Amino acid sequence: MMRALSLRRNLQSLHHHHLFKPLASATSTTAGGNFKDPFNPVRVFSTATQSSSSSDAELRKYIGYAALTLFCGVATYYSFPFSENAKHKKAQLFRYAPLPEDLHSVSNWSGTHEVLTRYFHQPENLQQLEDLVKDSNEKRTKIRPVGSGLSPNGIGLARAGMVNLALMDKVLEVDKEKKRVTVQAGIRVQQLVDGIKDYGITLQNFASIREQQIGGIVQVGAHGTGARLPPIDEQVISMKLVTPARGTIEISKEDDPELFYLARCGLGGLGVVAEVTLQCVERQELVEHTSVTNMKDIKKNHKKLLSENKHVKYLYIPYTDSAVVVTCNPVSKRKGPPKFKPKYSEDEAIQHVRDLYKECLNKYRAGEIAAKSVDDDQRNINELTFTELRDKLLALDPLNKNHVMKVNHAEAEFWRKSEGYRVGWSDEILGFDCGGQQWVSETCFPAGTLSKPSMRDLEFIEELLQLIEKKELPAPAPIEQRWTARSQSYMSPASSSSEEDIFSWVGIIMYLPTMDARQRKEITEEFFHYRGLTQKKLWDKYSAFEHWAKIEVPKDKEELADLQARLKRRFPVDAYNKARKELDPNRILSNNLLEKLFPISESM
């Protein structure tokens, strides 16, 4: 059995929707204080060693069980949400009750979901992965596939055990003529893009960040934006899947279309994706244009904006009449990039946000404390990006509607002063800095066709903004709206049999800009209130379904039953479960989320 690797990784905030940031390992550090990151590991592959003395092994085992029992009781209170205060209290506990060396704490990037596990496997090659899957199936031990851990709902996490392909991250083959690339599934998006750019090709579209593993980004139905461009799973033309029951199988639409379209967005439940062949496109420079408008003008130009731009998204700012429109198109070979001189420099565009932060510090932190905070922050404030300043502002009073409104108005002003053009390669331009840790709910729903948009996508937003104001929700900005063409993958939220269909994706958020456990808990409760209101008011009306990486399992049994029935009306759940039972009869690839959303009856 492979020895689990444990590491702490500190990464800059990239996005919502989302970068993995494991919590500090619950194990002791080595003498040198080194941690090993299971999501960006040193290239090692080793088997777990056994003690020469069976009695010693037994003793360690029972000591481990006792320590685990003690830890879990404390972890239930302290680890969700995770906080700096909790870290100190955990550290004190560990001094008196050290945990076994192979127990690891693994969290998604926003720290909203965390599990403790003894089994975190990292094969280096296909043979090792095949051996792991075979051995785990025979022993009926869990190895839930987990990618970069970016998903807000922790869809890849499983306490009983996980397998991560971070060590299987090679570009295997490039067909420059057909613009196709075959890669190991553990390669990150940015690695892949960097690895094929010299061939003059790139991916057709991108999500907001570049840290996802290819296997993960495909399996959860991730997407970029552009009404002519489908979700990312549609770029997959063949896959190599390591299954518990049938071993390694290669699937494509030519060989087995039913299984291919089911497994392409398979949520990690049908097999471990080992290799993927992707259809790429010619590498192009893009011109990004950012402008600020309002809903009235968007309605007038919506059809044109969708049809005439390769990429387009809207960013709505609650409690203002402002909407940011961001379009991206290839640089004109005839005209070249546009000549444009911005009205404001980057420094001028952000200065009023800095001023607001200093003003709010004086308000919320009285006297000498405020003065010291301003002095301390002044040395660093000019180094902060807009999203970092927004986090600091919201952290002062995140659930005060009036304070959030003030921050939103500052954001609208920032975008007005940031209007203009930007030129760069697609992998540079299509990213979006969404800020720090956050709760996210993103829904996907039909929006007509490109030639005849239904306009229900804009009606959805209007109702959402009205709901926020009516209920006086402390809703921060932005509410992000994007579009894609349909996907042929059966489990994609944008799945459709009609080639003309387009889908809108709308994301709502609440930031977690603090490490204070109580405050994070309060924000979490308010976010689920916000999400619950949108669900009741909008989801059924607009046939909206949540992104698989954002869907949360209800605790209430009736709500869970309603969700299961709802999913069954939209997706081929019976076919999916039948495939799960055939390919993974012992459900070693499953976890609590899959079992709750797609329960398998024994009679199936």
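As shown above, the structure is provided for reference.
For the structure given in this document, a descriptive report is provided here. (Residues numbered from 1 in each chain as written. Predicted model: local features only at pLDDT ≥ 70, side-chain atom pairs only at ≥ 80, totals over all residues. Heavy atoms only, no water.)

1. Some details on the sheet that holds strand β20 (residues 545-546)
If you trace the eight strands from one edge of the open sheet to the other, you get β16-β13-β15-β14-β18-β19-β17-β20, paired in antiparallel fashion. Looking at the sheet topology across the chains shown, the edges are occupied by β16 (420-425) and β20. With eight bridges connecting them, strand β13 (residues 285-293) and strand β15 (residues 323-330) associate as antiparallel partners. By the bridge assignment, Thr-290 is partnered in β15 with Val-326. Sitting on the sheet, helix α14 (residues 517-539) is in contact with β17 (438-449), β18 (479-485), β19 (501-511) and β20, with an inclination near 155 degrees to β19. (Pairing = 2+ DSSP bridges. Helix = DSSP H or I, 4+ residues; strand = E, 2+ residues; numbered from the N terminus. Contact = heavy atoms within 4.5 Å. Axes fitted to C-alpha atoms, helices over the stretch in contact; angles between N-to-C directions.)

2. Description of the pairing of β17
A regular strand carries its side chains on alternate faces of the sheet. The buried fraction of β17 amounts to 10 of the 12 residues, a majority that puts the element mostly inside the structure. Pairing of β17 with β19, which is carried by 10 bridges, proceeds in the antiparallel orientation. In the sheet register, Ser-441 faces β19, and the bridge partner there is Ile-508. Pairing analysis gives two bridges linking β17 to β20, with the strands arranged antiparallel. When the bridges of β20 are listed, Cys-444 appears paired with Phe-545. (Buried < 20%, exposed > 50% of the residue type's maximum accessible area, 1.4 Å probe, protein only.)

3. Observations concerning unusual backbone geometry
The amide bond that connects Ala-477 to the next residue, Pro-478, takes the cis arrangement and shows omega of -5 degrees. On the secondary structure map, Pro-478 appears in the loop between α13 (456-470) and β18. At Tyr-319, a position not held by glycine, the phi torsion is positive, near 65 degrees. You can see Tyr-319 is positioned in the loop between β14 (311-316) and β15. In this structure Tyr-319 comes out as buried when scored by relative accessible area, which is 11%. For Met-455, which is not glycine, the phi torsion reads 70 degrees and is therefore positive.

Just distances and angles here, no functional claims.
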